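Chain by chain, the residues:
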Amino acid sequence: MTPTYVRIVQFIVAIGISLAAGWIGSFFTMPAIPTWYAGLTMPGFSPPAWVFGPVWTVLYILMGIALYLVWSKGWGHKNAHVATAIFGVQLVLNVLWSFVFFGMQAPFFAFIVILFLWIAILMMIVAFDRVSVPAAILLVPYFLWVSFAAYLNYGIYVLNP
């Protein structure tokens, strides 16, 4: 049995890793919101810009908790390594999307990245399910939000040639 203090550190690190991705992505996102993003024509059902920060924060925390649940099963679990690797790939794609969409201001290429991210999230949910069903369930809101974000990304690409 893993000591309590180790589990607490694992929990904090897992959430910290996820939040760090959001923090890195924000370097590209924040400067572009009042300038480039504010001037774009938005597709229908676009939420106000202020909604994205709180939603993403919650999603990163849920991702971190899911990662912790997989990590807490131990590296001896036959599927934990694969699940964690897929988590890492999708996290890189998550940050890459922020860079491409906001940093490069390239909605078309960002749409391609978000499609890969969407696939990676699906793969992650399947991989996490093999280790921890609650961890997989915690990722469903992330999958749904990225699906909505893909719709917005595509709409922005179409409406802003």
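Residues numbered from 1 in each chain as written. Predicted model: local features only at pLDDT ≥ 70, side-chain atom pairs only at ≥ 80, totals over all residues. Heavy atoms only, no water.

A. Structural view of unusual backbone geometry. In the Ramachandran plot, Phe-45 falls in the positive-phi region, its phi being about 70° despite a non-glycine side chain. Within the element layout of this structure, Phe-45 appears in the loop between helix H1 (4-32) and helix H2 (52-71). Given the relative accessible area of 74%, Phe-45 is considered exposed. Within the chain, Gln-105 stands out as a residue other than glycine whose phi angle is a positive 55°. In this fold, Gln-105 is placed in the loop between helix H3 (80-103) and helix H4 (107-129). On the accessibility criterion, Gln-105 (38% relative accessible area) is partly exposed. (Helix = DSSP H or I, 4+ residues; strand = E, 2+ residues; numbered from the N terminus. Buried < 20%, exposed > 50% of the residue type's maximum accessible area, 1.4 Å probe, protein only.)

B. View of the layout of surface pockets. Taken as a whole, the largest pocket encloses approximately 530 Å³ of empty space. If you go around the largest pocket, you meet 28 residues; those closest to its centre are Thr-29, Phe-52, Trp-56, Trp-97 and Phe-102. The biggest single contributor to the lining of the largest pocket is H1, with seven residues. Its residues assigned to classes, the lining of the largest pocket shows 19 nonpolar, nine polar and no charged. (1 Å grid on protein atoms, 1.4 Å probe; cavity = no way out; pocket = protein on both sides within 12 Å on 5 of 7 lines; lining within 4 Å. Points joined across faces, edges and corners; volume = space filled by probe spheres on them. Nonpolar A, V, L, I, M, F, W, Y, C, P; charged D, E, K, R; others polar.)

C. Representation of H3 in the model. Relative to the 34 Å expected for 24 residues at 1.5 Å per residue, H3 spans 33 Å between its end C-alpha atoms, a close match to the ideal helical length. After H3 finishes, the residue Gln-105 shows a positive phi value of roughly 55°. (Expected span 1.5 Å × (residues − 1).)

D. Spotlight on the packing of aromatic side chains. Going through the model one piece at a time under the given rule, you end up with 21 aromatic pairs. Ring geometry for Phe-111 versus Tyr-154: centroids 5.2 Å apart, planes at 50°, classification tilted. One end of the pair, Phe-111, is in helix H4; the other, Tyr-154, is in helix H6 (residues 140-159), with 43 residues separating them in the sequence. In this structure Phe-111 comes out as buried when scored by relative accessible area, which is 18%. (Phe/Tyr/Trp six-rings, centres within 6.5 Å; stacked < 30°, edge-to-face > 60°.)

E. Broad picture of the packing of H4 against H6. For the pair H4 and H6, the least separation of the axes is 9 Å and the interaxial angle reads 165°. When the axis of H4 is compared with that of H6, the two are roughly antiparallel. Crossing of H4 over H6 shows left-handed handedness. Each of Pro-107, Phe-108, Ala-110, Phe-111, Ile-114, Leu-117, Trp-118, Ile-121, Leu-122, Met-124 and Ile-125 in H4 lies in contact with H6, whose residues at this interface are Val-140, Tyr-142, Phe-143, Val-146, Ser-147, Ala-149, Ala-150, Asn-153, Tyr-154, Ile-156 and Tyr-157. Class assignment of the residues belonging to the contact of H4 with H6 gives a composition of 20 nonpolar, two polar and no charged. (Axes fitted to C-alpha atoms, helices over the stretch in contact; angles between N-to-C directions. Parallel < 35°, antiparallel > 145°, perpendicular 65-115°, else oblique. Left-handed = near helix turned anticlockwise from the far one by under 90°. Contact = heavy atoms within 4.5 Å.)

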